There are 4 protein chains.
Amino acid sequence: MSTPPTLVALLHGPDQPGLVAKVAGWIFARGGNILHADQHRDMEAGVFFQRVEWISAAPAGQVERERAEFSAFAASLGMQARVSDTSQRLRVVVMVSKADHCFHDLALRWRAGEFAGELVAAVSNHPDMAGVAQGYGLPYHVVPVTAETKAAAEAKQLALFNEYRADLVILARYMQVLSAGFLDSIGRPVINIHHSFLPAFAGGRPYHQAHARGVKLIGATAHYATRDLDEGPIIHQDVGRVTHRHGVEDLIRMGRDLEKRVLAQAVRWHLDHRVLAYGNKTVVFD
Amino acid sequence: MSTPPTLVALLHGPDQPGLVAKVAGWIFARGGNILHADQHRDMEAGVFFQRVEWISAAPAGQVERERAEFSAFAASLGMQARVSDTSQRLRVVVMVSKADHCFHDLALRWRAGEFAGELVAAVSNHPDMAGVAQGYGLPYHVVPVTAETKAAAEAKQLALFNEYRADLVILARYMQVLSAGFLDSIGRPVINIHHSFLPAFAGGRPYHQAHARGVKLIGATAHYATRDLDEGPIIHQDVGRVTHRHGVEDLIRMGRDLEKRVLAQAVRWHLDHRVLAYGNKTVVFD
Amino acid sequence: MSTPPTLVALLHGPDQPGLVAKVAGWIFARGGNILHADQHRDMEAGVFFQRVEWISAAPAGQVERERAEFSAFAASLGMQARVSDTSQRLRVVVMVSKADHCFHDLALRWRAGEFAGELVAAVSNHPDMAGVAQGYGLPYHVVPVTAETKAAAEAKQLALFNEYRADLVILARYMQVLSAGFLDSIGRPVINIHHSFLPAFAGGRPYHQAHARGVKLIGATAHYATRDLDEGPIIHQDVGRVTHRHGVEDLIRMGRDLEKRVLAQAVRWHLDHRVLAYGNKTVVFD
Amino acid sequence: MSTPPTLVALLHGPDQPGLVAKVAGWIFARGGNILHADQHRDMEAGVFFQRVEWISAAPAGQVERERAEFSAFAASLGMQARVSDTSQRLRVVVMVSKADHCFHDLALRWRAGEFAGELVAAVSNHPDMAGVAQGYGLPYHVVPVTAETKAAAEAKQLALFNEYRADLVILARYMQVLSAGFLDSIGRPVINIHHSFLPAFAGGRPYHQAHARGVKLIGATAHYATRDLDEGPIIHQDVGRVTHRHGVEDLIRMGRDLEKRVLAQAVRWHLDHRVLAYGNKTVVFD
């Protein structure tokens with residue numbers, strides 16, 4: 001509740017003896033107090049991963065400097081580090097189309113204080129949810145997308161992300177495929193919710209696919225969006241049980257609950273600096 | 001416990017008004033008492049499915065005749081029916097290779113009285129589990145399989161199924177692909193356990209595939225084996241949560257628990273005459 | 001979707017041979033077509049339960065009469081029946097206090113068309129959620145409750161239920177204990193959501209109790225409210241996993257998700273006429 | 001697989017700044033390499049908990065000395081430590097009565113290599129499972145218990161634990177209440193499996209209690225046995241879904257699966273030195 005602001009570092013690099021001690025020692029030597037430290041070794045790949053969170057002893061004006069110094073220290077160990085100051089709440093832009101369930105869910109959780117971040121705007125290819133966004137006090141930008149206008153639309157979207165200084169973009173059932181160029185130039189993480197248990201039923205209309213195959217569980221997958229559609233690093237997944245009694249409409253309805261829950265958890269972890277993506281996988285320090 | 005023997009019919013055919021009343025009326029007119037009746041309509045396909053279980057009023061020697069008469073009655077309604085006398089316990093042959101966890105699980109559940117059926121024999125392509133089978137008092141037949149001997153081996157297996165009058169064959173982590181011809185001529189249902197959440201990770205080494213993809217849930221799928229490998233009607237599925245901490249070995253270990261549970265539930269439902277396969281799907285009257 | 005209106009009967013009474021056939025026969029004789037029929041026998045108690053749903057052949061003006069005739073027919077078999085016309089959507093009043101998560105969830109599901117019923121009003125002992133209710137277009141009545149004014153407040157609440165012709169009252173985290181007299185005279189079912197896995201942690205502050213005990217799962221329970229606090233028939237329950245890392249605040253946050261889901265499912269089943277309460281239990285025909 | 005033997009310390013004591021750095025520094029200074037380190041703070045109680053696992057640089061004969069030195073070091077920080085050498089596999093005695101499912105499950109997992117420990121003997125108050133134990137190559141001791149002989153029986157059991165140098169005792173559905181004196185003098189941890197979701201349905205015949213109450217989930221709880229029956233620190237819990245269709249016999253059958261799984265997981269965590277009990281709770285470093 002009245003927790004003091006902290007620094008969180010997400011590190012990874014080639015494994016070597018003494019990393020845990022060196023990182024802890026560096027923080028301790030500067031008067032910092034480690035609140036949480038969690039690490040993981042990928043034995044096959046020989047990679048070390050760590051999330052460490054500490055109360056910095058630096059005076060308010062010097063925290064930024066400690067961030068930079070820690071990054072340099074990590075680099076000296078051969079590791080990449082992303083260091084965040086938890087007093088700087090991340091700024092989130094949500095992209096939506098017509099389905100509103102994930103957007104309501106994110107907005108209500110944000111207002112209930114469940115997220116360590118701020119929703120700052122919604123961007124949509126349809127005008128439908130303008131009133132909903134307004135109800136939550138959020139600016140709403142309509143950027144229509146057609147095959148012809150896609151390039152211009154993506155340029156407009158990027159401009160909006162920059163204008164709002166977005167730290168994270170959430171595709172909350174946004175129904176347009178993002179171009180590879182767009183994802184290359186976006187410059188901030190993008191979390192997507194796919195309405196199936198990936199890699200099953202990648203592509204379009206996954207509930208129809210699931211119904212046609214006769215599976216007994218349906219799922220949802222939150223992942224970072226990458227150039228390879230539906231192939232990005234998975235952050236979270238969950239499933240729900242279905243039976244022969246459930247038609248496609250039921251799957252869609254039940255899936256909404258899964259999508260909301262899975263997306264919200266992934267976003268929550270990301271905003272808490274708990275997710276480290278590497279290759280096509282994630283390490284989630286939960 | 002001291003439930004009297006009952007008849008169970010599994011019916012399906014084109015939907016039409018009055019089917020529930022006609023079936024109930026037929027049974028009632030013969031003095032039968034319906035214990036359970038459950039039905040399902042596939043609205044899209046216009047197909048009616050029903051499982052009905054009743055205490056027959058027929059004297060012991062006449063139950064067989066009531067079975068035949070019910071089938072004829074169902075045919076007169078345009079429906080196919082499979083009618084079973086629950087006093088005739090189904091006979092089960094289990095096929096295994098080297099992994100023994102599913103076999104132990106099935107045998108222990110059988111001995112604990114959890115199944116409405118009898119294990120009557122085990123058939124394997126390896127000698128490894130002969131002692132285990134003996135411990136459960138089960139005959140164990142080794143039928144080695146190589147590319148050259150496959151046809152002869154399958155002929156030998158079919159002969160064993162006939163010899164044991166098997167009503168059901170269970171592939172309890174049996175690691176040989178069955179030929180299409182074998183499945184065409186086998187003449188009794190075959191339940192397989194696949195160690196993934198199908199249709200994800202069909203084919204070989206699914207835990208390795210799952211680990212490589214970085215999924216957050218692993219699964220197991222029990223399905224009827226058909227000519228199309230890993231494409232048969234799914235009876236039951238379940239999943240378990242994994243994290244970045246779990247290596248392939250952990251997935252294999254955790255998967256054993258899933259495989260046991262999913263296979264046992266599917267077998268249990270089948271032996272209780274609760275599963276009706278149609279097309280590449282199942283209706284499970286649980 | 002374009003399903004024709006149907007009648008649903010929930011029946012129970014002493015078990016006797018032929019009930020399934022007699023009910024189906026009665027409906028068939030009047031030209032009705034049974035869509036679903038599900039039954040249950042409590043073998044110990046000798047009680048028969050059934051839910052049967054059919055398309056009536058009665059002309060629009062005569063459906064009410066068929067309802068009455070079916071009830072009389074059921075009575076002639078010694079059974080109690082509640083017969084509902086699904087074209088008459090049930091009217092629901094929601095009672096709330098300050099916590100808004102369940103109310104938002106119910107209202108959004110209602111607007112998404114997930115419920116076979118209409119929210120018609122909200123009643124609260126606090127003014128806090130007036131704006132929220134207005135946002136959903138729902139009348140909001142504040143009825144403050146103190147020890148001294150409780151009797152008068154309950155009379156006012158009953159008057160509101162009658163005024164709105166409520167078929168169902170939902171206690172969506174309403175934080176006042178209802179008096180026994182109130183529950184005796186309320187005359188319509190009341191569904192409550194309790195924020196624990198009953199019977200564990202009945203009474204107040206269940207998340208604090210759960211945290212103190214060190215349980216590894218928290219739960220939520222939707223039940224019909226009866227004179228015996230937290231003892232009414234349970235409709236639905238679910239749990240979520242917690243660890244030593246979760247403080248009471250985390251349990252409260254995670255519990256909100258459970259409460260929403262469990263309450264919504266119970267309400268959905270009730271509105272679909274799938275729940276039959278008897279004694280302190282329920283039969284849920286799902 | 002070919003992991004070198006490691007030391008694991010489980011620490012707890014009053015929280016203070018620098019603990020993570022000091023522990024890591026101590027190990028690093030002795031040439032040790034930390035494989036895993038996980039910590040937890042109970043903010044309310046001001047208690048710090050840690051599990052740290054490292055590859056010791058000490059020559060084989062000196063590992064025992066490093067264990068002792070680490071304990072002394074921890075004491076100098078005001079902390080209690082339990083330090084284990086993972087090359088010394090824990091020795092486990094299993095107590096059983098007549099129900100054999102948990103015993104089979106533990107024995108099969110042990111033989112499959114799932115446990116970091118050795119089953120060394122079974123002790124029972126009944127002769128029934130002698131053959132089963134023999135099948136697994138385990139000594140089986142029958143110690144009958146009656147009200148009159150309880151004290152002598154418990155003395156005999158303690159003697160057996162000592163004789164087998166047991167590090168852990170598992171009550172695998174052992175149906176005798178242990179006396180407070182017995183638990184005081186037993187001198188090694190005891191894990192019990194209770195067949196309900198504690199604290200619901202403590203005491204006898206929990207499945208009967210659950211059925212009478214009409215709950216929609218049944219559970220199982222693995223906990224350390226303490227003088228306060230069913231009140232010891234909970235290690236693990238899980239639940240399974242039941243409906244009105246399930247009688248007490250079904251609950252008992254379904255509960256067996258829960259009991260096996262929950263007990264095995266708790267035992268696995270204990271043998272991996274992942275469980276730290278304090279007060280009536282546990283910290284599980286999974």
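It should be noted that the structure appears before, not after, this text.
The notes below deal with the structure included here. (Residues numbered from 1 in each chain as written. Chains lettered and ligands numbered in written order. Predicted model: local features only at pLDDT ≥ 70, side-chain atom pairs only at ≥ 80, totals over all residues. Heavy atoms only, no water.)

Here's the deal with the packing of helix α7 (residues 206-213) of chain A against helix α8 (residues 248-271) of chain A
Residues and elements named next belong to chain A.
- Packing of α7 against α8 brings their axes to within 9 Å, and their N-to-C directions diverge by 125°. Overall, the two elements α7 and α8 adopt an arrangement that is oblique. Judged by the sense of rotation from one axis to the other, the crossing of α7 with α8 is right-handed. Facing Tyr207, His208, Ala210 and His211 of α7, the residues of α8 in contact are Val248, Leu251, Ile252, Gly255, Arg256 and Glu259.
- Within the contact of α7 with α8, the residues separate by chemical class into five nonpolar, three polar and two charged. (Axes fitted to C-alpha atoms, helices over the stretch in contact; angles between N-to-C directions. Helix = DSSP H or I, 4+ residues; strand = E, 2+ residues; numbered from the N terminus. Parallel < 35°, antiparallel > 145°, perpendicular 65-115°, else oblique. Left-handed = near helix turned anticlockwise from the far one by under 90°. Contact = heavy atoms within 4.5 Å. Nonpolar A, V, L, I, M, F, W, Y, C, P; charged D, E, K, R; others polar.)

Description of the relation of the copies chain C and chain A
- When chain C is brought onto chain A, the operation consists of a screw motion whose angular component is 180° and whose axial shift is 0.0 Å, with 0.0 Å RMSD remaining. A rotation of that kind, with that shift, is consistent with a two-fold axis. Judged by C-alpha distance, Gly135 of chain C is the residue of chain C that lies nearest the rotation axis, at 4.0 Å.
- Most of the interface of chain C is mirrored in chain A: 100% of its interface residues are interface residues there too. (Least-squares fit on C-alpha atoms with pLDDT ≥ 70 in both.)

Observations concerning the relation of the copies chain B and chain A
- Expressed as a screw operation, the relation of chain B to chain A combines 0.0 Å of axial shift with a rotation of 180°, fitting to an RMSD of 0.0 Å.
- Same-surface contact between copies: 100% of interface residues of chain B are shared with the interface of chain A.

Regarding helix α2 (residues 63-76) of chain B
Residues and elements named next belong to chain B.
- Counted at 1.5 Å a residue, the expected span for α2 with its 14 residues is 20 Å, and the 20 Å between its end C-alpha atoms agrees.
- Along α2, the residues classified as buried are Val63, Glu66, Phe70, Phe73 and Ala74. For α2, the angular spread of the buried residues around the axis is 100°, confining them to a single face. Within α2, the exposed residues directed more than 90 degrees away from the buried face are Arg65 and Ser76. (Expected span 1.5 Å × (residues − 1). Buried < 20%, exposed > 50% of the residue type's maximum accessible area, 1.4 Å probe, protein only. Arc of directions from axis to C-beta.)

A few points about the interface of chain C and chain A
- Contact with chain C, which involves 17 residues of that partner, is made by 17 residues of chain A.
- Here chain C and chain A share an interface that buries about 1300 Å² over both sides, 44% of which is from carbon and sulfur atoms.
- Three residues, Leu108, Arg253 and Arg261 of chain C, lead the burial of chain C against chain A; their summed loss comes to 28% of the area buried on that side.
- Of the charged contacts, one joins Arg256 of chain C and Glu114 of chain A as a salt bridge, the two residues approaching to 2.9 Å between their closest N and O atoms.
- At the boundary of chain C with chain A, the tally comes to four residue pairs in polar contact (both at pLDDT 80 or more).
- Only α3 (101-111) and α8 (248-271) of chain C provide two or more residues apiece to the side of chain C that touches chain A.
- Across the side of chain C that touches chain A, the residue classes break down as three nonpolar, one polar and 13 charged. (Buried area = accessible area lost by both parts, 1.4 Å probe. Salt bridge = Lys/Arg side-chain N within 4 Å of Asp/Glu carboxyl O. Polar contact = N/O pair within 3.5 Å; in protein donor to acceptor, adjacent residues only side chain to side chain.)

A few points about the packing of aromatic side chains
- Tallied over the entire structure, the rule returns 30 aromatic pairs over all chains.
- Over the face of the ring belonging to Trp26 of chain B we find Arg30 of chain B, whose NZ or CZ atom lies 3.8 Å from the ring centre. (Phe/Tyr/Trp six-rings, centres within 6.5 Å; stacked < 30°, edge-to-face > 60°. Lys NZ or Arg CZ within 6 Å of the ring centre and 35° of its normal.)

Here's the deal with the interface of chain B and chain A
- Taken residue by residue, the interface counts 34 residues in chain B and 34 residues in chain A.
- Interface area for chain B against chain A, summed over the two sides, is near 3000 Å², with a carbon-plus-sulfur share of 52%.
- Of all residues in chain B, Arg213, Lys216 and His244 of chain B give up the largest surface area on contact with chain A, accounting jointly for 24% of the area buried on that side.
- Joining chain B to chain A, the criterion identifies four salt bridges.
- With a shortest N-O distance of 2.9 Å, Asp38 of chain B and Arg245 of chain A are connected by a salt bridge.
- Put simply, chain B and chain A have 24 residue pairs in polar contact (both at pLDDT 80 or more) between them.
- At the level of elements, β2 (33-42), α7 (206-213), β11 (234-241) and β13 (281-284) of chain B are the ones that each hand at least two residues to the side of chain B that touches chain A.
- Counting residues per element, the side of chain B that touches chain A draws most heavily on β11 of chain B, at seven residues.
- In terms of residue class, the side of chain B that touches chain A is built from 14 nonpolar, 10 polar and 10 charged.

Focus on the sheet that holds strand β1 (residues 7-14) of chain C
Residue and element names in this part refer to chain C.
- The antiparallel open sheet is built from four strands, whose spatial order is β2-β3-β1-β4. Of all the strands in the sheet, just β2 (33-42) and β4 (80-85) have a single pairing partner and so form its edges. The average angle at which neighbouring strand axes cross in this sheet is 10°, direction not considered.
- Packing of helix α1 (residues 19-29) onto the sheet brings it into contact with β1, β2 and β3 (47-55), and relative to β3 it is tilted by some 20°. (Pairing = 2+ DSSP bridges.)

Concerning the pattern of salt bridges
- With the rule as written, the count across this model stands at 69 salt bridges over all chains.
- The residue Arg41 of chain A makes a salt bridge to Asp15 of chain A at a minimum N-O spacing of 2.8 Å. Placement of the pair is Arg41 of chain A in strand β2 (residues 33-42) and Asp15 of chain A in the loop between β1 (7-14) and α1 (19-29), with a sequence separation of 26 residues.
- Judged by relative accessible area, which is 6%, Arg41 of chain A ranks as buried.
- Between Arg51 of chain B and Glu53 of chain B there is a salt bridge whose closest N-O contact spans 3.3 Å.
- Given the relative accessible area of 5%, Arg51 of chain B is considered buried.
- You can call Glu53 of chain B buried: its relative accessible area is 12%.
- Several salt bridges share partner residues, and in doing so they unite Asp105, Arg109 and Glu114 of chain A together with Arg256, Asp257 and Lys260 of chain C into one network.

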